[in-house]
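So the chains spell out like this:
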Amino acid sequence: MLSLPNLLTLSRIVAVPLLVGLLWWPQWTLGYAIAFALYCLMGITDYFDGYLARANGAVSRLGIFLDPIADKIMVAAVILMLVGTHDIAGLHIIAALVILLREIAVSGLREFLAPLHVSMPVSKLAKWKTTLQLVALGALILGGAIPSAAWIHGVGLVSLWGAAVLTAITGWDYLRVGLRHMD
């Protein structure tokens, strides 16, 4: 149960409060730099927990359950902090909101469909959505670490909107599948 892949997944969940703490003070550029390094490390563990589980035949129900939760906790926490520190502000909050709402809706939909034994596998487009989302949030964190390089923050905001568009498309795809199984 507590295999290396599952420990890596759990480490991401445990690291979220530290990540939030590092993002708490937007003028503390060193905190943002450390947060960026931690965020990258969390992304690397996300890759390796799945890779190691598949390569070693150690895919477990616990890992299947925890991995998407760890991702959603990390993304939601970072979005909330970046909105709170005004790194995501104005109309850009709409893109952040689209991402958060889709994550909640798809999680609820999966929970609803589970007793019906309906699987909703992750699509390739959803994987691209996740990648763009992680790049966007990473760029926004890095932009806080290097405020003199405003273009990094700009890349983060453009990527955030790209992720929001893919989020809406994939969310609609999942909803269409789910609606077939509702009365």
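Here the structure is shown first, and the text comes after it.
Residues numbered from 1 in each chain as written. Predicted model: local features only at pLDDT ≥ 70, side-chain atom pairs only at ≥ 80, totals over all residues. Heavy atoms only, no water.

Q: I'd like a description of a nonpolar patch on the surface, backed by residues and values.
A: Residues Phe112, Leu116, Trp172, Leu175, Leu179 and Met182 make up a contiguous nonpolar surface patch of about 550 Å² in total accessible area. Assignment of secondary structure puts Leu116 in the loop between helix H4 (92-113) and helix H5 (124-145). (Patch = residues over 30% accessible without salt bridge, like charges linked within 9 Å, V, L, I, M, F, W, Y side chains within 5 Å. Areas by Shrake-Rupley, 256 points an atom, 1.4 Å probe, with all protein chains shown as cover. Salt bridge = Lys/Arg side-chain N within 4 Å of Asp/Glu carboxyl O. Helix = DSSP H or I, 4+ residues; strand = E, 2+ residues; numbered from the N terminus.)

Q: Would you mind going over helix H1 (residues 4-23) in detail, with residue names and values included?
A: Under the 1.5 Å per step criterion, the end-to-end length of H1 is 28 Å for 20 residues, consistent within 8% with the ideal 28 Å. The sharpest bend along H1 comes to roughly 35 degrees, located at Ala15, with the proline Pro17 sitting one to four residues further on. Along H1, the residues classified as buried are Pro5, Asn6, Leu8, Thr9, Arg12, Ala15, Val16, Leu19, Val20, Leu22 and Leu23. Close packing links the buried residues of H1 with helix H2 (29-55), helix H3 (61-84) and H5. (Expected span 1.5 Å × (residues − 1). Bend = angle between axes of the 7 residues up to and from the residue. Buried < 20%, exposed > 50% of the residue type's maximum accessible area, 1.4 Å probe, protein only. Contact = heavy atoms within 4.5 Å.)

Q: Break down the nonpolar core for me, citing the residues and quoting the values.
A: Counting residues in hydrophobic clusters, the biggest one holds 32 residues, and the most contacted among them are Leu19, Leu82, Leu137 and Ile141. Of all the secondary structure elements, the ones that give two or more residues to this core are H1, H2, H3, H4, H5 and helix H6 (150-179). A per-element tally of this core places H3 first, with seven residues. Residues within four places of Leu82 in sequence aside, it is in contact with Tyr32, Asp87, Ile88, Leu137, Leu140 and Ile141. (Core = buried A, V, L, I, M, F, W, Y, C linked by side-chain atoms within 4.5 Å.)

Q: Help me get a handle on the side chain of Thr170, residues and values and all.
A: Within the secondary structure, Thr170 sits in helix H6. Looking at Thr170, its side chain comes within polar contact range of the side chain of Arg102, at 3.1 Å. In this structure Thr170 touches Arg102, Ser123, Leu125, Ala126 and Lys129, once residues within four positions along its chain are discounted. (Polar contact = N/O pair within 3.5 Å; in protein donor to acceptor, adjacent residues only side chain to side chain.)

Q: Describe the packing of aromatic side chains, and please don't skip the residues or the numbers.
A: Summed over all chains, the structure comprises four aromatic pairs. Both rings, one in Trp25 and one in Trp28, keep their centres 6.3 Å apart while their planes meet at 75 degrees; by these two values the pair is edge-to-face. The class of Trp28 is partly exposed, set by a relative accessible area of 36%. Ring geometry for Phe48 against Tyr51: centres 6.4 Å apart, planes inclined by 85 degrees, an arrangement best described as edge-to-face. Here Phe48 pairs with Tyr51, and both are found in helix H2, just three residues apart, close to one helical turn. Judged by relative accessible area, Phe48 falls into the partly exposed class, the value being 37%. (Phe/Tyr/Trp six-rings, centres within 6.5 Å; stacked < 30°, edge-to-face > 60°.)

Q: Tell me about the packing of H2 against H3, and name the residues and values.
A: Relative to each other, H2 and H3 sit at 160 degrees, their axes nearing to 11 Å. Compared by their axis directions, H2 and H3 come out roughly antiparallel. In this structure, H2 meets H3 at a crossing whose hand is left-handed. When H2 is examined against H3, the residues Tyr32, Tyr39, Met42, Asp46 and Asp49 are found in contact with a partner set consisting of Asp67, Asp71, Met74, Val78 and Leu82. Among the residues making up the contact of H2 with H3, the classes are represented as six nonpolar, no polar and four charged. (Axes fitted to C-alpha atoms, helices over the stretch in contact; angles between N-to-C directions. Parallel < 35°, antiparallel > 145°, perpendicular 65-115°, else oblique. Left-handed = near helix turned anticlockwise from the far one by under 90°. Nonpolar A, V, L, I, M, F, W, Y, C, P; charged D, E, K, R; others polar.)

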